[in-house]
Amino acid sequence: MYRTLIVEDEPDEASRLTEYVRRYGNTHGEQFQITWLKSAMDMLSDKSHYDLVLLDIDLPGINGMEAAEIMRQTDEVTPIIFVTDLAQYAVRGYQVDALDFMVKPVGYEDFALRMGRAMRVMARNA
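Analysis parameters
Residues numbered from 1 in each chain as written. Predicted model: local features only at pLDDT ≥ 70, side-chain atom pairs only at ≥ 80, totals over all residues. Heavy atoms only, no water. Core = buried A, V, L, I, M, F, W, Y, C linked by side-chain atoms within 4.5 Å. Buried < 20%, exposed > 50% of the residue type's maximum accessible area, 1.4 Å probe, protein only. Helix = DSSP H or I, 4+ residues; strand = E, 2+ residues; numbered from the N terminus. Contact = heavy atoms within 4.5 Å. 1 Å grid on protein atoms, 1.4 Å probe; cavity = no way out; pocket = protein on both sides within 12 Å on 5 of 7 lines; lining within 4 Å. Points joined across faces, edges and corners; volume = space filled by probe spheres on them. Nonpolar A, V, L, I, M, F, W, Y, C, P; charged D, E, K, R; others polar. Expected span 1.5 Å × (residues − 1). Pairing = 2+ DSSP bridges. Axes fitted to C-alpha atoms, helices over the stretch in contact; angles between N-to-C directions.

A. Layout of the nonpolar core. Ranked by internal contacts, the top residues of the largest apolar core, which has 22 residues, are Tyr24, Phe32, Leu54 and Phe111. Ranked by residues supplied to this core, first place goes to helix 5 (residues 108-125) with eight residues. Discounting chain neighbours no more than four positions away, the residues touching Phe32 are Met1, Tyr2, Thr4, Val21, Tyr24, Gly25, Met115, Met119 and Met122. By size, the runner-up hydrophobic cluster in this structure holds 20 residues, among which are Met43, Tyr50, Met65 and Ala98.

Here's what the structure looks like:
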């Protein structure tokens, strides 16, 4: 079972991502435990280990990019996929070794493609 963290302040987007993770798991015979947090501060104070982080950039307070930079100080391997409508951050994402980016609104096909890539990284990390 893979532990997946969704950090998203918009409930509709968080629900969509949760649905997509479950759908991907059902389609590919994988199980995911999904945790949803609404802010980067919640993410940084959560001391749980996750196998994958789906992280919005445009968050209240500390944004997702800043949270990823802080996360990378202690965790260099957990894949981060940014889910955002702020495409201008794409280049900066490579500074925090982001695995990928998805631009909102995310369609399932786009999500599944990036999840496949994340699954390969998580399998190597296991």
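And the narrative resumes.
B. Spatial organisation of the layout of surface pockets. The space that makes up the largest pocket amounts to roughly 310 Å³. For the lining of the largest pocket, the secondary structure elements donating two or more residues are helix 2 (40-45) and helix 3 (64-72). Classifying every residue of the lining of the largest pocket by side-chain character gives seven nonpolar, four polar and three charged.

C. Structural detail: helix 1 (residues 11-28). With 18 residues, helix 1 should cover 26 Å at 1.5 Å per step; its first-to-last C-alpha distance of 26 Å lies within 8% of that length. Contacts from the buried residues of helix 1 go to strand 1 (2-7), strand 2 (32-37), strand 3 (52-55), strand 4 (80-84) and helix 5.

D. Inspection of the sheet that holds strand 3 at higher detail. Strand order in the open sheet formed by five strands is 2-1-3-4-5, with parallel pairing between adjacent strands. This sheet does not close on itself; its edge strands, each paired only once, are strand 2 and strand 5 (100-103). Pairs of neighbouring strands in the sheet enclose a mean axial angle of 20 degrees, with direction left out of account. Here six bridges tie strand 1 to strand 2, and the two strands are oriented parallel to one another.

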